[in-house]
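Structure assessment
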Amino acid sequence: MNALTTQHDDGIAVVTIDLPGAQVNTVTAGLRAEFAELFTQLAGDSSVKGVVILSGKADTWLAGADIDEFLTLHSAADGEALSRGGQALLDKLETLAIPVVAAIHGACLGGGLETALACRYRIATDHPKTVLALPEVQLGLIPGAGGTQRLPRLIGLQRALDMILTSRTVRAKKAWQMGLVDELVHPAILREVAIDRARKLAAGTLVARHAPKDRGATGRLLEDNPIGRSIVFRKAREGVTEKTHGHYPAPLAALRAVQAGYENRDAGYREEARAFGEMTVSEVSRELIFLFFATTALKRDPGVAEPAPQPQPITTLGVIGAGFMGAGIASVAVQQGTAVRLKDTDTARVGKGIAAVSDVLGERVKKKQVTRTQYDNQLSLVGGTTTYAGFRRAELVIEAVFEDLALKHRVLREAEPMLHANTVFASNTSTIPIARIAEAAARPNRVLGMHFFSPVHKMPLLEVIVTPATDKDATVTAVAFGKRLGKTVIVVNDAPGFYTTRTLSAYMNEAGRLLDDGASVEAIDAALLDFGFPVGPITLLDEVGIDIGGKVGVVLSEAFGARMAPSESLRRVVESGRTGRKGRHGFYLYGDDGGKGAVDTTIYELLPNGAPRREIDASEISQRCVLAMVNEAVRCLEEGVLRSARDGDVGAVFGIGFPPFRGGPFRYVDSVGAVAIVEALEQLDGRFPGRFTPADLLLEHARARRRFHPARGAPVS
Ligand code: NAI
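Residues numbered from 1 in each chain as written. Predicted model: local features only at pLDDT ≥ 70, side-chain atom pairs only at ≥ 80, totals over all residues. Heavy atoms only, no water.

This paragraph deals with the pattern of salt bridges. Side-chain pairs of opposite charge can arise whenever the charged atoms involved come near each other. The final tally for this structure, using the stated rule, is 47 salt bridges. One salt bridge connects arginine 624 with aspartate 517, and the closest N-O pair in it is separated by 2.9 Å. Note that arginine 624 is positioned in helix α25 (residues 618-638) and aspartate 517 in the loop between α20 (500-516) and α21 (521-531), a separation of 107 residues in sequence. The class of arginine 624 is buried, set by a relative accessible area of 0%. A single salt-bridge network, built from bridges that share partners, covers Glu510, Arg513, Asp517, Glu620, Arg624, Arg687 and Arg691. (Salt bridge = Lys/Arg side-chain N within 4 Å of Asp/Glu carboxyl O. Helix = DSSP H or I, 4+ residues; strand = E, 2+ residues; numbered from the N terminus. Buried < 20%, exposed > 50% of the residue type's maximum accessible area, 1.4 Å probe, protein only.)

With that out of the way, let us pick up the packing of aromatic side chains. Applying the stated rule across the entire model yields 14 aromatic pairs. Between phenylalanine 233 and tyrosine 262, the ring centres sit 6.1 Å apart and the planes meet at 70°, which makes this aromatic pair edge-to-face. Taken as a pair, phenylalanine 233 in helix α10 (residues 226-244) and tyrosine 262 in helix α11 (residues 249-263) lie far apart in primary sequence, 29 residues in all. Residue classification places phenylalanine 233 among the buried residues on the basis of a relative accessible area of 2%. (Phe/Tyr/Trp six-rings, centres within 6.5 Å; stacked < 30°, edge-to-face > 60°.)

Ile320, Tyr499, Ile524, Leu528, Phe587, Phe658 and Phe666 are the most contacted members of the largest nonpolar core, which has 101 residues in total. With eleven residues, α25 is the single largest residue contributor to this core. Non-local contacts of phenylalanine 658, meaning those with residues more than four positions away in its chain, are made with Phe531, Phe533, Met629, Val630, Ala652, Val653, Gly664, Pro665 and Tyr668. Grouped together as the second largest cluster of nonpolar side chains are 74 residues, Leu31, Leu89, Cys108 and Leu151 included. (Core = buried A, V, L, I, M, F, W, Y, C linked by side-chain atoms within 4.5 Å. Contact = heavy atoms within 4.5 Å.)

This part covers the domain arrangement of the protein chain. According to the domain assignment, the protein chain consists of domain 1 (4-281), domain 2 (316-495) and domain 3 (501-640 + 642-712). Spacing between the C-alpha centres of domain 1 and domain 3 amounts to 43 Å. In this complex, domain 1 contributes eight residues to the contact, which on the side of domain 3 involves eight residues. Roughly 600 Å² of surface becomes buried between domain 1 and domain 3 when both sides are summed, with 49% attributable to carbon and sulfur atoms. The largest contributions to the domain 1 side of the interface with domain 3 come from His245, His247 and Tyr248, which together make up 70% of the buried area. Where domain 1 touches domain 3, the interface holds zero salt bridges. (Domains from an automatic or database assignment. Buried area = accessible area lost by both parts, 1.4 Å probe.)

Attention now goes to the layout of surface pockets. As a volume, the second largest pocket reaches approximately 450 Å³. Sorting the residues of the lining of the second largest pocket by element identifies α3 (76-94), α5 (147-155) and α12 (265-280) as the ones contributing at least two each. The element contributing the most residues to the lining of the second largest pocket is α5, with four residues. When its residues are assigned to classes, the lining of the second largest pocket shows ten nonpolar, two polar and seven charged. (1 Å grid on protein atoms, 1.4 Å probe; cavity = no way out; pocket = protein on both sides within 12 Å on 5 of 7 lines; lining within 4 Å. Points joined across faces, edges and corners; volume = space filled by probe spheres on them. Nonpolar A, V, L, I, M, F, W, Y, C, P; charged D, E, K, R; others polar.)

Time to look at the site of the ligand. Around the ligand, 22 residues are found, and the nearest of them are Met325, Asp344, Arg349, Glu403 and Lys408. Taking asparagine 428, its side chain carries an N or O atom lying 3.0 Å from an oxygen atom of the ligand. Protein coverage of the free-state accessible area of the ligand, which is 830 Å², stands at 83%. Only α14 (324-335), α17 (405-415) and β16 (447-452) provide two or more residues apiece to the shell around the ligand. (Near = heavy atom within 4 Å. Polar contact = N/O pair within 3.5 Å; in protein donor to acceptor, adjacent residues only side chain to side chain. Areas by Shrake-Rupley, 256 points an atom, 1.4 Å probe, with all protein chains shown as cover.)

The sheet built from four strands is open, its strands ordered β4-β6-β8-β9 with mixed pairing. In this open sheet, the two edge strands, each paired with only one partner strand, are β4 (60-62) and β9 (170-171). In this structure, strand β8 (residues 131-133) lies alongside β9, joined through two bridges in antiparallel fashion. Looking across to β9, one finds that valine 131 is bridged to arginine 171. (Pairing = 2+ DSSP bridges.)

Time to look at the sheet that holds β16. Backbone hydrogen bonds hold the strands of a sheet together, and the pairing may be parallel or antiparallel. Spatially, the eight strands line up as an open sheet ordered β13-β12-β11-β14-β15-β16-β17-β18, and their pairing is mixed. Strands at the two margins of the open sheet, each flanked by one partner only, are β13 (382-385) and β18 (488-493). Across the sheet, the mean angle separating the axes of adjacent strands is 25° when strand polarity is ignored. Here four bridges tie strand β12 (residues 339-343) to β13, and the two strands are oriented parallel to one another. Across the sheet, leucine 342 pairs through a bridge with glycine 384, a residue of β13. Most of the contacts of α14 go to β12, to which it runs at about 170°, and overall it touches β11 (316-320), β12, β13, β14 (396-399) and β16. (Axes fitted to C-alpha atoms, helices over the stretch in contact; angles between N-to-C directions.)

See below:
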């Protein structure tokens, strides 16, 4: 079956892209071959005066590359050839004598947008599903079919760099304002208008635009001469380096390709293909593509072994505790049309919770992501209460009261009789084992954990925690609801700290021990930033709350013994009453507006070695913290807390900031080699007995030279 079908409308060929059997259109090898044949045919058919390209899919026009194909590339030369092929194909499209109109409804991404760019004219539907982007750098790649060359010419250098370097997704209206599309129409008339424009372009009564529109005087001044452009490129390069700490080569490669295009056309295309080839075999793209496949696989994963029961649809969500997390959860639920009953102990707290929901929703109005009416509708879905009124209707209840077992027991005992027997009761605890919470339940089979991360509306991960007693249908219901909220969901088995809190604690504890040993706060944070974490561990402690860190430390050291005992430094700082950013009193100084300043050097007076700090090598700092985390992650897999290495990688990257370009702790072990990791751990264990004893599973992998993932980023299922 073909992906392309052509109908003729009085001299206009209307081509519909509809990949058979696929949910979305992607640029497969088959589609490219069909396009090549079509362009040849069109070039030789004088009865055709113009062409319109439409999509047969509901929500996509053409959603970019077929990423599986990248896994078949074994060398940079393979990648370069793929890019050359794509460039030649779209060159053929661009140089057709007859006008081609891209009639875009739905996602127009990557190779899809590159195809649209090679058309003479672009019409997009003014519809929320119509979005345009060149997201290649997110996969460690660059646009490889002329995107780095055509986009700057169409919309101007600065706007193009912004889109290419940040993978920014542009909505239809914005795309029209910036000149990325020529016209906006209602979906109902897309086809009709596109045919009309093709006809007019053919007749010469409509002329396609050739220069970027509305760049303003400064834009023109900077972009239209070599000196101005060199300033733009320098600034862009500096911006990228600052953001990526040099860990992501793709944005810089894309910059070079764009820049080469200003020397001359051939140089630009040559550099684009060369760099694309180089990126396809880079370690970074391998890891980012792995994460892409892993998250895609998780979208299909019901969270339990097949056969999986059907999830219960959630029409009403009960949230107990309208604090920071409770309000955050409510704010994402109403955005998906779920009614929320938000309960707290008094009306003032309920009011504060609803105000926090309103802030999150209001932010979306400011960013023009939703209209005022949508905001009103969403906010009207939250109902506040100090009783359990309305909870009977809730299919799911999430408890987010203070992290205190006795309180959680009380709340569970109080709530359960007010709920339907089938209601799933979830705790958002970050550390307390779910089985312990469920001890207070009359229906422990309906109890599980839903561990959201803060801030809930921004953090992509949800960790669902199940006990041996949890019903399968309760698990799939929680997982399906998490997905509906747009989260990537991993399911883990119950244990203290689950997966994310436990591995993060191992890492943070080691940072604390480095303080015990005399390292400075700056040195520790800088070393881990350099490794690729988004913030250093001491900054993170200030952010999370030093008091919270202290409490987690107690729970985990009770569970795991000396290995997880909090550092002396942390113990002393907790005792001092400093809480971190929220109390404007932590390891760093904070302004009245909460802005972070330099290290508060008075903190050293509290620490074991006092004010004099000694130099500890950055590589030792990062090795100790990272290996403590990695070793703990492997233990979680060994003990069956994790269902797979894949979940461990995704959980660490999306939940606790493990550097995406390293793929996750298990991918990290695979890339360094289990043998080398074990050696390093054993050396550290010699220096700090008992703290770095390699996990048995790591030893096994080292002995058998085994990996956690198949070599060369094969698709994960
Ligand atoms: P919070 O202190 O902001 O909110 C807790 C809320 O629970 C308060 O509004 C309090 O009035 C309310 N509450 C207490 N007793 C109640 C009762 N009997 N009925 C109804 N409401 C009651 O705390 P936060 O930060 O929202 O944490 C809540 C839970 O989420 C904790 O278990 C915490 O460990 C967990 N968590 C927190 C994260 C964070 O970054 N803050 C991240 C992930 C989980």
